[in-house]
Amino acid sequence: MLVGKLLGLVALSTAWAAAPQVRLGNTTLIGRDVTLLHQDFFGGIPYVEPPLGKLRLQPPVPKTSLDVEQFDASNFGLVCPQPQVPAALMSEDCLTINVFRPSGISSDAKLPVLFWTYGGGFQQGASAIYNGSAIVAQSVARGTPLIYVNFNYRLGPLGFPQGQEADDRGALNLALKDQLAALKWVQENIEDFGGDKAKVTVFGESAGSIMTSILFLGNHIGSLARAAIFESGHAATSLTFTAARREVDWQNFVGAVASCSTLATTNNTFPCLQTAASNEIIQGLLTAIAEAPELFAFDPTLDGPGGLYPDIPSRLFEKGEFARLPFIAGTNLDEGTVFTPQDIDTEDLLRMSIISNYSPPIVSTQELDDAAATLVELYPNIPALGSPFNTGNETFGLSPVYKQAAAIDGDLTFQSQRRFWSRAVSSAGVKTWGYLFTQPQPSLPPENGVSHGSEVTFVYGAPPDQTASATRLSAFMIDYWVSFATSLDPNDGRGIPRPNWPAYTPQNQVLMQLNGDNLTVIPDNYREKQIDFINSIPVTWRHRRSYF
């Protein structure tokens, strides 16, 4: 699926004209004129030194100069190593950044910036999948032009090393550091493209949203952005264990790097890995992901005091250690379906899987056992109450436990976390807005419902079905997103007439239901008893995405 999207967007479908240019230091970037859309594109720009040799498995080193008089920035760069991508399209030398801007602007235009971080379970994804031209075009049409930026970050064991050795060497959460480096590049360079470094809004989906929300904890992002949009992901959506818990995944990685395989269990693998050939490293990455005993083996990890992710989010919130920046946060109706195996068929298996997924617990084993049992009781095996929601007693030829498990997974990892953030941050006086995306997805398998990730194409102006309802909703969503990025409020009165989106406050806990046939404000009280229970014991749920 990734390859198809990648090939469809790498070659932007445009008419050619005189190539736009931007001067960065001593180098002239030669971009691409997207004539039919009146836009300029600059892509494949290295924002850090290639993470090769001694820089492999190390924090990113900023690239201060491109060292050439002219640089071809007419296309996206190569994809970071990951499964399901042809070898010719990927490379370890993948840390590049891309800019879409309106044509004809001056370097002192001071346009707001939307900065995107892609998702993909921390082991897939690429900036080339995301064509920001529809967002930029609509921003211009509504009289609030902006610049769109996206970038690549390292994936799998190269971006999120696991195991005690990585912890001891301070080599954790490297992809988060890539994200920070890309944001710092924007601060240093976006004004040369006509952007305003003081008006950056970060947004992302799934893993990209999780990464961004982690940077909100401890306020690592306060000097780099002024606002955020979180699409289906918060810090506690992914695991909150230390790296040592996934020692086996690191050993699988090293064991599949031919020249280093004998060192896999020695806790002294980095020197060898830094001298190994790139093709060996990529093979190790692919093997480690394929052999992982869980769905996502290379998530962000707790990295202790002074790190980017020093403690579980609920404790950081209690200490007030989070950025006071306005944000929009939302989820899709059926977040858990695509993460729930369709062969799950007993409540005992469901309960045991919950316990396994959150072990070893911070609380006592008995407390976790009791919480899992209560959770199964709160989400009874009644198909009409399960996910995909609003599908009655239909079970799609599967065990009814599938819908029960999907409802639990979606609420544990996505819905509860969005509600937790909305309530906690609004109570601290921060302006925030919330949404629930419920647009039907006729192109997806019916058992998926309105699944995780299904809103993304609407944000990018390319809904999979071109019904009036879908295209209308896509235009509404772009207007809300652009309005927020340019004015810090989704209700700027510009663009397409649309319903007012009330802010989420302690006194008015409401969401915008994003649905082309029923765009309306709804109370944030769905499954209130169940989600209140989850959020009442946040330490129990170490909030890793489950693999039932």
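Residues numbered from 1 in each chain as written. Predicted model: local features only at pLDDT ≥ 70, side-chain atom pairs only at ≥ 80, totals over all residues. Heavy atoms only, no water.

## Details of the pairing of strand β1 (residues 21–24)
The side chains of a regular strand alternate between the sheet's two faces. Going residue by residue along β1, you find Val22 and Leu24 tucked away on one face and Gln21 and Arg23 left uncovered on the opposite face. With 4 bridges joining them, β1 and strand β2 (residues 27–30) adopt antiparallel strand pairing. Looking at β2, one finds that Gln21 is bridged to Ile30. Counting the residues between successive antiparallel strands, the hairpin from β1 to β2 contains 2 residues, one of them, Gly25, with a positive phi of roughly 60°. (Buried < 20%, exposed > 50% of the residue type's maximum accessible area, 1.4 Å probe, protein only. Helix = DSSP H or I, 4+ residues; strand = E, 2+ residues; numbered from the N terminus. Pairing = 2+ DSSP bridges.)

## Section: the environment of Leu385
Mapping Leu385 onto the fold places it in the loop between α12 (365–378) and α13 (400–427). In sequence terms Leu385 and Thr96 are 289 residues apart; their C-alpha atoms lie 45 Å from each other.

## Considerations on the UniProt feature "domain: Carboxylesterase type B" (unreviewed entry) in the protein chain
In the numbering adopted here, UniProt assigns the feature "domain: Carboxylesterase type B" (unreviewed entry) to residues 20–533. As a span, residues 20–533 carries 31% helix and 15% strand, and end to end its C-alpha atoms are 55 Å apart. (UniProt positions renumbered as here; feature names shortened; annotations may be inferred.)

## What to know about the sheet that holds strand β12 (residues 432–437)
Sheet architecture is open: 11 strands sit in the order β3-β4-β6-β8-β7-β9-β10-β11-β12-β13-β14, paired in mixed fashion. Each edge of the open sheet carries a strand with a single partner, namely β3 (32–34) and β14 (520–523). Within this sheet the neighbouring strands show an average axis-to-axis angle of 25°, counted without direction. Sheet topology places strand β4 (residues 39–46) next to strand β6 (residues 96–102); 6 bridges connect them, and they run antiparallel. Pairing of Ile45 across the sheet is with Ile97, part of β6. Lying on the sheet, helix α5 (residues 174–189) is in contact with β4, β6, β7 (111–117), β8 (147–151) and β9 (195–205); it crosses β9 at an angle near 155°. (Axes fitted to C-alpha atoms, helices over the stretch in contact; angles between N-to-C directions. Contact = heavy atoms within 4.5 Å.)

## Describing the pattern of salt bridges
Under the counting rule described, the total for this entry stands at 19 salt bridges. A salt bridge links Asp532 to Arg423; the shortest N-O distance between them is 3.3 Å. With Asp532 in helix α16 (residues 528–536) and Arg423 in helix α13, this pair connects stretches of sequence that are 109 residues apart. Judged by its relative accessible area of 34%, Asp532 falls in the partly exposed class. (Salt bridge = Lys/Arg side-chain N within 4 Å of Asp/Glu carboxyl O.)

## Overview of the sheet that holds β2
Spatial ordering of the open sheet is given by β1-β2-β5, a layout of 3 strands whose pairing is mixed. The open sheet terminates on both sides in strands that have one partner only, identified here as β1 and β5 (70–72). For this sheet, the mean angle separating the axes of adjacent strands, direction not counted, is 30°. Bridge count between β2 and β5: 3 bridges; the pairing is parallel. Within the sheet, the bridge partner assigned to Ile30 lies in β5 and is Asp72.

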